[in-house]
Amino acid sequence: MFVVTVCRRIHCYQSRGQPLDRVFLWRVLFIMAVCSISNINAQIRYSVPEEMKKGSLIGNIAHDLGLDAQRLRSGRARIVSGDSTEYIELKTDKGILVVKERIDREQLCAETTPCSFTFEIILDNPMELHHVTVEILDVNDHSPTFPKDEINLEISESAAPGALFLLGSADDPDVGVNALQNYVISQNDYFILKEHSSPDGVKYAEMVLQKPLDREHYPRLSLILTAVDGGNPQRSGNMKIELTLLDVNDNAPEFNQSVYRATIAENAPKGTYITAVNASDADSEGNNLISYSFANFKSNRNDIFKIDGKTGVITLIGVLDYERSKKHEIGIEAKDQGGLGNSAKVIVDLIDVNDNAPVISVMSFSSPVSEDASVGTTIAIFSVKDLDAGDNGHVDCTINHNIPFKLQSSLRNYYTLVTDAALDRERVAEYNITITATDSGSPALSSQKSLNLKVSDVNDNPPRFQKSVYTAYITENNSPGLSIFTLSARDDDWNQNARISYLLDETTVAGSPVSSFISVNADSGVVHALRGFDYEQMKSVRVSVKAQDGGSPPLSTNVTLDIIIQDQNDNAPQVLYPVQTGGSVVAEIVPRAADVGYLVTKVVAVDVDSGQNAWLSYKLQKATDRALFEVGLQNGEIRTVRQVTDKDAVKQKLTVVVEDNGQPSRSAVVSINVAVADSFPEVLSEFTDFTHEKQYNDNLTFYLVLALATVSFLFITCVVVIISVKIYRWRQSRFLYQSSLPVIPYYPPHYADTGVTGTLPHGYNYEVCMTTDSRKSDCTFATLGGQSVLVMDPSFTETMQHTIKKNNSIDGLGSTESVRKF
């Protein structure tokens, strides 16, 4: 439609002989560029009468478009195209359209009805393009007019009643009821008026002779022909008819054919020959001279065609347009000198030229379309129109390739754009569909229309993790709330359908809900530790996390997170052997004849940590004689590093440090007593003092306090007990001396032969009475763990004293030692 409007405008300039305005051409190009990138948002139609004063209101465009005046100003609203730039003005401050220049419907549209022109209003930020059509209503502002104010007719007095005399037609540029309606002739006795209509609707008048003329009685007659329109108020136009009666001319011109036909291309240049008419008159002399003229059926034919009055040759002097009129019917009149005439018709058929490109009009367009739309879903409905005829107006429509759409057509020039395959927004989020309409002319003309179709999202993709199982590491003794790991899932959907929430599945770990150990941030996927972990109690935690999108219904995916707890050096080594006791002393015996590398004992320790935190090393921290012993760095074995000599002290004390390999390292200390001696009494004398001294020092405070509180009571009690014991022992010894029973040595029940070898070759019990002090009177040696072990236990004091007395009795009977081998 825009192309047609532009062509009409150009034709209007050319018909007036005016040069094309360069500004107008630039406006046309700008409008075509805008139309190629913008869609019309609204179409508004106004109807206004012609001849309105400058500044008259046409319509409130802001109200009709649903906009406010501020939007018009901020968007720099303006008229950008159409024929209306010289007639219409946009008042952006008021949001109205007003008349810029006087509008003459007849000048603008001539006989075309309805008469309208279109233009576009464009706004920026964002861009909006609105199509406005203004229909110009006809006003009865023209009176019918005749080509001439006066015509002279010469009529032979011999004209018979019924003779016809063509008067032609009046022209009224108005249309509808305002156009020419009828003719009226002034009152007379000879002629009546008949009205006729040509095939193209033009009304013309003929005078019909009612009775014979009498030149002698009326040599001249004057009549008035009036053309009347149907407007309100009614308008009319007059033409004076001067009749001159002639002598008899009883033969009118006759055309050699009643209808002439000619064919011409619509783009034929001016001056092109169309056809020639020919008429003959049977009269002689001056009565057979014929002149040709248009029958004045339509005045605008004079702007297109020209006839030679003498030869009857018709030529082209204007511009033809097949789209406005496919043919022209021209009335031709031939008159002789006597005033008699006849008429014929010339029909000029136009040949269409492919000078109009197809016009695509989108009537319906649905965007966006859901990605789950079924195949065959209608996207757009549009029509294609080509004003040309025949093959020039036959249009084929295509769309660009490699898109899941196709065209369907059930009515001529109407097309439906439908889906031809399943859509996937994640693969293609929008399509630029180009519709191309091409006619069958030669050369072919085409036009294009672009549609931007957006595909709306459907929740058809669950969240996706890169892995099905993730592994995270955390060091034990962590602080609560520590961030362990960040889970991240991806959803190919969009907007709410791609909004992912992370949920922790409720499982149990070591009998407790996993939610008491771990929490997951629902939005960010960050995994936090809710409390500190202990590697020694728990090596790992496996949790299941669900990623769920925000679609309806929601989709989800589960992922497994293995949390590996890493060891921290938070446990010191623990010494398993030798056992450290508070009430006894453990001693290892090394014979003086021991060789270099003699295994004294072995320190056994463990560390509940793992890895390098549990790698233990043994070091000799302190020793009575550091040059005599060494400790294996890895195995904790204590060995001699030189030959034992007589000069070496019997009592040796070693302090061994057990360290792990952690950072920082932790350690444990163990003290080992070693006796360097070949005989047991030598060992006993040294270690008894040592043992008691240590125990005595440990209990000194207790005894001092107890003694201060009960000194009086203990003194009396001790005296009584001592006297009682002495009497009892005296009686017992007397009874044994006088008895004839065999003497059996008494052995304390605390010892047994273990059958192992150590420093002493066999398991022995030694009973020695050293003093009357109950704290220093008893020593007991026994084998332990395959080593020579000296155990000092003060709890056996009384038993040892009693046994010593018996051994002394045995010695008196001839026994040389108080040792019994089991």
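Keep in mind that what you see is a predicted model, and the values were worked out from it rather than measured.

*Asks:* Teacher, can you tell me more about the overall build of the protein chain here?
*Replies:* Each helix and strand counted, the protein chain has 7 helices and 51 strands in total. Looking at the protein chain as a whole, 40% of its 822 residues are labelled buried. The contacts in the protein chain between residues at least 6 apart in sequence include a share of 67% that link residues at least 24 apart.

*Asks:* I'm lost on the side chain of N140 in this one. Help?
*Replies:* Its location among the elements puts N140 in the loop between β7 (128–137) and β8 (150–156). Separated by 3.4 Å, the side chains of N140 and D229 make a polar contact. With near-sequence residues (within four places) excluded, N140 lies in contact with D174, N178, D229, G231, N232, P233, Q234 and R235.

*Asks:* Looking at this structure, I do not really get the pairing of strand β49 (residues 667–676). What am I missing?
*Replies:* Regular strands place side chains that alternate from one sheet face to the opposite one. Across the 10 residues that make up β49, a large majority, 7, are buried. Looking at chain direction, strand β48 (residues 651–659) and β49 are connected through 9 bridges and run antiparallel. Directly across from V657, in β49, lies its bridge partner V669.

*Asks:* What is the right way to read the packing of aromatic side chains from this model?
*Replies:* Both the distance between ring centres and the angle between the ring planes are used here to describe each pair of aromatic rings. Taken as a whole and judged by the stated rule, the model has 10 aromatic pairs. Ring geometry for F255 versus Y292: centroids 6.3 Å apart, planes at 50°, classification tilted. In this pair, F255 is assigned in strand β15 (residues 254–255) and Y292 in strand β19 (residues 291–294), connecting sequence segments 37 residues apart. Classification of F255 as buried rests on a relative accessible area of 11%. The exposure class assigned to Y292 is buried, which follows from its relative accessible area of 8%. With 5.6 Å between their ring centres and 15° between their planes, F382 and Y415 make a pair best called stacked. Taken together, the positions of F382 in strand β26 (residues 378–385) and Y415 in strand β29 (residues 414–419) put the pair 33 residues apart, joining distant regions of the chain. Classification of Y415 by relative accessible area gives buried; the value is 11%. Chaining the aromatic ring pairs together yields one cluster made of F465, Y470 and F485. In this arrangement the basic side chain of K211 is found over the ring face of Y190, its NZ or CZ atom lying 5.0 Å from the centre. Of note, R531 hangs over the ring of F517, and the distance from its end group to the ring centre comes to 3.9 Å.

*Asks:* I'm lost on the sheet that holds strand β20 (residues 305–307) in this one. Help?
*Replies:* What holds strands together in a sheet is hydrogen bonding between their backbones, with the strands either parallel or antiparallel. Taken together, 3 strands build an open sheet; the order of strands is β17-β21-β20 and the sheet is antiparallel. On the outer flanks of this sheet lie β17 (273–276) and β20, each paired with one strand and no other. Taken over all neighbouring pairs, the strand axes of this sheet differ in orientation by 20° on average, direction set aside. As paired elements, β17 and strand β21 (residues 313–316) share 3 bridges and run antiparallel to each other. Looking across to β21, one finds that T275 is bridged to I314.

*Asks:* Looking at this structure, I do not really get the environment of N267. What am I missing?
*Replies:* Position of N267 among the secondary structure elements: in the loop between β16 (259–265) and β17. Between the C-alpha atom of N267 and that of L320, which follows or precedes it by 53 residues, the distance is 6.6 Å.

*Asks:* Is there a simple way to think about the pairing of strand β31 (residues 446–456) in this case?
*Replies:* Direction of pairing for strand β25 (residues 369–370) relative to β31: parallel, over a ladder of 2 bridges. When the bridges of β31 are listed, S370 appears paired with S456. As judged from the 9 bridges shared by strand β30 (residues 430–439) and β31, these two strands associate in the antiparallel manner. Across the sheet, I435 pairs through a bridge with K449, a residue of β31.

*Asks:* Hey, could you run me through the nonpolar core in this one?
*Replies:* The tendency in soluble globular proteins is for nonpolar side chains to be buried as a group. Ranked by internal contacts, the top residues of the largest apolar core, which has 28 residues, are Y502, F533 and V541. When residues of this core are traced back to their parent elements, those giving at least two are β32 (469–475), β34 (500–504), β37 (518–520), β38 (526–529), β39 (540–549) and β40 (556–566). Counting 26 residues, the second-largest nonpolar core is a separate cluster that includes M52, L65, I88 and I103.

*Asks:* When you look at the pattern of salt bridges in this model, what are you seeing that I'm missing?
*Replies:* Close approach of charged atoms allows side chains with opposite charge to pair. Scanning the model with the defined rule gives 24 salt bridges in all. Residues D492 and R464 are paired through a salt bridge, measuring 3.2 Å at the closest nitrogen-oxygen approach. Taken as a pair, D492 in the loop between β33 (483–486) and β34 and R464 in the loop between β31 and β32 lie far apart in primary sequence, 28 residues in all. Of the residues examined, D492 reaches a relative accessible area of 25% and is grouped as partly exposed. Among the ionic pairs, E637 bridges to R639, the shortest N-O distance being 3.0 Å. Each of R76, R78 and D124 takes part in salt bridges that share partners, so that together they form one network.

*Asks:* Looking at this model, I keep getting lost on the confidence of the model for the protein chain. Mind explaining?
*Replies:* Per-residue pLDDT for the protein chain averages 78, and the proportion of residues at 70 or more is 78%. Low pLDDT (under 50) marks residues 28–40, which in the prediction has 18 contacts with non-local residues, meaning those over four places away or in another chain. Confidence drops under pLDDT 50 across residues 690–696; counting only partners more than four residues distant or on other chains, this segment forms 10 contacts.

*Asks:* Sorry if this is basic, but what is going on with the sheet that holds strand β10 (residues 180–185) here?
*Replies:* The strand order β8-β14-β13-β10 describes an open sheet built from 4 strands, whose pairing is mixed. The open sheet has two free edges, formed respectively by β8 and β10, since each of these has just one partner strand. When strand polarity is set aside, the average angle formed by the axes of neighbouring strands in this sheet is 25°. One ladder, built from 5 bridges, connects β10 with strand β13 (residues 220–229); its direction is antiparallel. When the sheet's bridge partners are listed, V184 is paired in β13 with T226.

*Asks:* Looking at this structure, I do not really get the environment of F465. What am I missing?
*Replies:* With respect to the helices and strands, F465 occurs in the loop between β31 and β32. On the basis of relative accessibility, which here comes to 13%, the residue F465 falls in the buried class. It is 6.7 Å that separates the C-alpha atoms of F465 and S488, two residues lying 23 residues apart in sequence. Beyond its immediate stretch of four places on either side in the chain, F465 contacts Y470, L487, S488, A489, Y502, A547, T557 and V559.

*Asks:* Would you mind showing me how to read the environment of V277 here?
*Replies:* Here V277 lies in the loop between β17 and β18 (279–280). Given a relative accessible area of 2%, V277 falls into the buried group. Separated by 21 residues in sequence, V277 and N256 have C-alpha atoms that sit 8.1 Å apart. Apart from residues lying up to four places away in sequence, V277 is in contact with F255, Y260, Y292, I307, T311, G312, I314, I332 and V346.

*Asks:* Help me understand a nonpolar patch on the surface in this model?
*Replies:* Together, F715, I716, V719, V720, I723 and I727 line one region of the surface with nonpolar side chains, adding up to about 580 Å² of accessible area. Summarising the element assignment, V720 is placed in helix α6 (residues 680–738).

*Asks:* Just checking my understanding: could you explain unusual backbone geometry for this structure?
*Replies:* Most peptide bonds are trans, and most residues other than glycine sit at a negative phi. With omega at -5°, the peptide bond leading from N125 into P126 counts as cis. Here S367 and P368 are connected by a cis peptide whose omega angle stands at 5°. Despite not being glycine, N413 shows a phi value in the positive range, around 70°. Along the chain, N413 turns up in the loop between β28 (405–411) and β29.

Scoring rules and cut-offs
Residues numbered from 1 in each chain as written. Predicted model: local features only at pLDDT ≥ 70, side-chain atom pairs only at ≥ 80, totals over all residues. Heavy atoms only, no water. Helix = DSSP H or I, 4+ residues; strand = E, 2+ residues; numbered from the N terminus. Buried < 20%, exposed > 50% of the residue type's maximum accessible area, 1.4 Å probe, protein only. Contact = heavy atoms within 4.5 Å. Polar contact = N/O pair within 3.5 Å; in protein donor to acceptor, adjacent residues only side chain to side chain. Pairing = 2+ DSSP bridges. Phe/Tyr/Trp six-rings, centres within 6.5 Å; stacked < 30°, edge-to-face > 60°. Lys NZ or Arg CZ within 6 Å of the ring centre and 35° of its normal. Axes fitted to C-alpha atoms, helices over the stretch in contact; angles between N-to-C directions. Core = buried A, V, L, I, M, F, W, Y, C linked by side-chain atoms within 4.5 Å. Salt bridge = Lys/Arg side-chain N within 4 Å of Asp/Glu carboxyl O. pLDDT = per-residue confidence, 0-100. Patch = residues over 30% accessible without salt bridge, like charges linked within 9 Å, V, L, I, M, F, W, Y side chains within 5 Å. Areas by Shrake-Rupley, 256 points an atom, 1.4 Å probe, with all protein chains shown as cover.

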